[in-house]
Structures are given as structure tokens and as C-alpha cells.
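# Structural characterization, general
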Amino acid sequence: MFLVGLTGGIATGKSSVASILRNMGIEIIDADVVAREVVEPGKQAWKKIRKEFGEAVFHSDGTLNRPALGQIVFSDPDKRHTLNNITHPEIYKSILFRCIKLFFCGHQFAVIDLPLLYESGKMVKYLHKAVVVVCEPAQQLERLMNRDKLSESEAVKRIQAQMSLAEKAKRADFVINNHSDPEDTKQQVEKVVKELRSLKTHWKYRVIVLSTVLLTVTVLTVGPYTLYAHFK
């Protein structure tokens, strides 16, 4: 199995592209979903956030108050860095376990939906291909303001906290332009999936893993017997 990264700017329509992929039977590991899971009450990241940011970023029932935390980290790069250092290790650990499970289920490839793929840089080297979803800057700003009920200045801060769409597009293997109608976006996604399904990379990884397993089994079985025979 090989891994495909799916990313884009905030409010560019990445979730719509992920939905199209799911409808095509593609396995998606959503980093946002994982990120919500790792900060559930009682988990390690939750405890560290509580210690670092205090009670103000939590609801009365103990769940994380995301808007309150967002106000802090998107206004202070150092605080955002601190939050990332708390959550990212737990997120990547969970993603790894999900990838292993999908590998042993025999999937050709899986898509990891990573909003901050290039900003963090930690997953790039593990990906065989990367897909970036873009739209026009004015569309991105409008969508974000409407979606999250933000003022223009608040929305601009969140957009500027990420790498520019132009830079992300330059680094991508595939670019999905989500500025027009949904049918056009769907056709672009279908074209990308067709190309991904034509790749044979997954066989290389299966051979590597199988060879490693066979070598390990050989060492664990033949090795001890050889040592026994030698000293007998």
C-alpha cells in the first residue's frame, strides 16, 4: 500500500474532495477527526492542553472549547507552536496505527487528509503522491467567513497562518481546482483516482514487508536451531 496526501488551504473545499473520494471507495484517514479524538477528555493531549492553556479553553463538561483555543493560537504564533507540539505526536501515532491496519487489509493505497501537510512537513517523506485543493483567494476568504462566522480580519489571520495556496500547488503532484461547479471538481478527482489506480507502487511495499517478515521468521526459527546444533 502507498500513501497519498490530501491537503489545501483552509476553506478551499478539501472536505468536498474527500467526500467524493469516499464515494469512490477510497479509504480516507482524516487528520481532523484524529485530532478531535486525541483531545478527548482524559487523554494525554487533553491533559497537556489543560496544563498549558488553562480552564478558559474548556467547556464546563471538560470538552475542549475549540473556538476559544482558536482565538488564542491564531493570534499568537508561539502559542500555536506549543499546541502543535502537544497534539501532533499523538495525531501521527494514531495515523500510523490506521495505516498499518489498512495495509494488512490489502488496500492498494490510502489517502491521508492533512490540512497542515506542508506546514508541519513531518508526513511528506512518507507520501508517494500529494493532492492539493485550491480555489481563488477571494472565494477562500468568503467561504471561511461564512463557514466559521468570522470577521474579515479574523479570517485573514487564519489564512495567513498557513502556507500560501500557490506554494502548496507548486509542491503537489496533483492540483484540484475547486473554484467552479461541483461536477467539474468531481471530474478532476476521478481523473486523479484513475491515475493513482494505474500505479503499481503498492506491490513494491508488499514485497518489502513480506521479505522482512520471512527474514524475521527465519532468524527466529532457523537461527536458534543453528546455534543449538553448533554448541551441541
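See the structure above.
Below is a summary of the structure that appears in this document. What you see is a predicted model; the values in this text were computed from it and never measured. (Residues numbered from 1 in each chain as written. Predicted model: local features only at pLDDT ≥ 70, side-chain atom pairs only at ≥ 80, totals over all residues. Heavy atoms only, no water.)

### Regarding the packing of aromatic side chains
Tallied over the full model, the rule gives three aromatic pairs. Here the aromatic rings of Phe 2 and Phe 109 are separated by 5.3 Å at their centres, their planes lie at 20°, and the arrangement is stacked. On the criterion of sequence distance, the pair formed by Phe 2 in strand β1 (residues 2-8) and Phe 109 in strand β3 (residues 109-113) is long-range, its members being 107 residues apart. Exposure remark for Phe 109: the relative accessible area of 6% places this residue in the buried category. A centroid spacing of 5.2 Å and a plane angle of 90° characterise the contact between Phe 103 and Phe 104, whose relative ring orientation is edge-to-face. Accessibility expressed as a relative area gives 61% for Phe 104, which makes it exposed. (Phe/Tyr/Trp six-rings, centres within 6.5 Å; stacked < 30°, edge-to-face > 60°. Helix = DSSP H or I, 4+ residues; strand = E, 2+ residues; numbered from the N terminus. Buried < 20%, exposed > 50% of the residue type's maximum accessible area, 1.4 Å probe, protein only.)

### Regarding the environment of Ala 68
Inspection of the secondary structure assignment puts Ala 68 in helix α4 (residues 66-73). Given a relative accessible area of 23%, Ala 68 falls into the partly exposed group. Taking C-alpha positions, Ala 68 is 5.4 Å from Val 57, a pair spaced 11 residues apart along the chain. Residues contacting Ala 68, with those up to four places away along its chain left out, are Ala 56 and Val 57. (Contact = heavy atoms within 4.5 Å.)

### Here's the deal with the pattern of salt bridges
Taken as a whole and judged by the stated rule, the model has 10 salt bridges. Ionic pairing is found between Asp 113 and Lys 14, a salt bridge with its closest N-O pair at 2.6 Å. Here the residue Asp 113 occupies a position in strand β3, and Lys 14 occupies one in helix α1 (residues 14-23), the gap between them amounting to 99 residues. Lys 14 sits in the buried class, given a relative accessible area of 9%. Here Asp 148 makes a salt bridge to Arg 147, at a shortest N to O gap of 2.9 Å. Members of the salt-bridge network, linked through shared partners, are Glu 167, Lys 170 and Arg 171. (Salt bridge = Lys/Arg side-chain N within 4 Å of Asp/Glu carboxyl O.)

### Side note on the packing of helix α3 (residues 44-53) against helix α5 (residues 77-104)
Where α3 contacts α5, the two axes come as close as 9 Å, and the packing angle between them is 165°. Here α3 is positioned roughly antiparallel relative to α5, judged by the angle of their axes. Here α3 and α5 pass one another in a crossing that is right-handed. Note on element contacts: α5 touches α3 through Lys 79, Thr 82, Leu 83, Ile 86, Thr 87 and Glu 90, opposite Gln 44, Ala 45, Lys 48, Ile 49, Glu 52 and Phe 53. Class assignment of the residues belonging to the contact of α3 with α5 gives a composition of five nonpolar, three polar and four charged. (Axes fitted to C-alpha atoms, helices over the stretch in contact; angles between N-to-C directions. Parallel < 35°, antiparallel > 145°, perpendicular 65-115°, else oblique. Left-handed = near helix turned anticlockwise from the far one by under 90°. Nonpolar A, V, L, I, M, F, W, Y, C, P; charged D, E, K, R; others polar.)

### Observations concerning the sheet that holds strand β5 (residues 174-177)
The strand order across the open sheet built from five strands is β2-β3-β1-β4-β5, with neighbouring strands paired in parallel fashion. Sheet topology places β2 (28-30) and β5 at the edges, where each strand pairs with a single neighbour. Averaged over all neighbouring strand pairs, the angle between strand axes comes to 20°, with direction disregarded. In terms of strand pairing, strand β4 (residues 129-134) meets β5 through four bridges, oriented parallel. By the bridge assignment for β5, Val 134 is matched with Asn 177. Relative to the sheet, α5 contacts β1, β2 and β3, its axis offset from that of β2 by approximately 170°. (Pairing = 2+ DSSP bridges.)

### A few points about the nonpolar core
Core analysis: the biggest nonpolar cluster contains 38 residues, and Ile 49, Phe 53, Ile 95 and Ile 112 have the highest contact counts within it. Sorting the residues of this core by element identifies α2 (31-38), α3, α4, α5, β3, α6 (117-120) and β4 as the ones contributing at least two each. No other element matches the eight residues that α5 contributes to this core. Apart from the residues within four sequence positions on either side, Ile 95 is in contact with Ile 29, Ala 31, Val 34, Ile 112, Leu 114 and Met 123. In this structure, Phe 2, Leu 6, Ile 26 and Val 111 belong to the second largest nonpolar core, which totals 19 residues. (Core = buried A, V, L, I, M, F, W, Y, C linked by side-chain atoms within 4.5 Å.)

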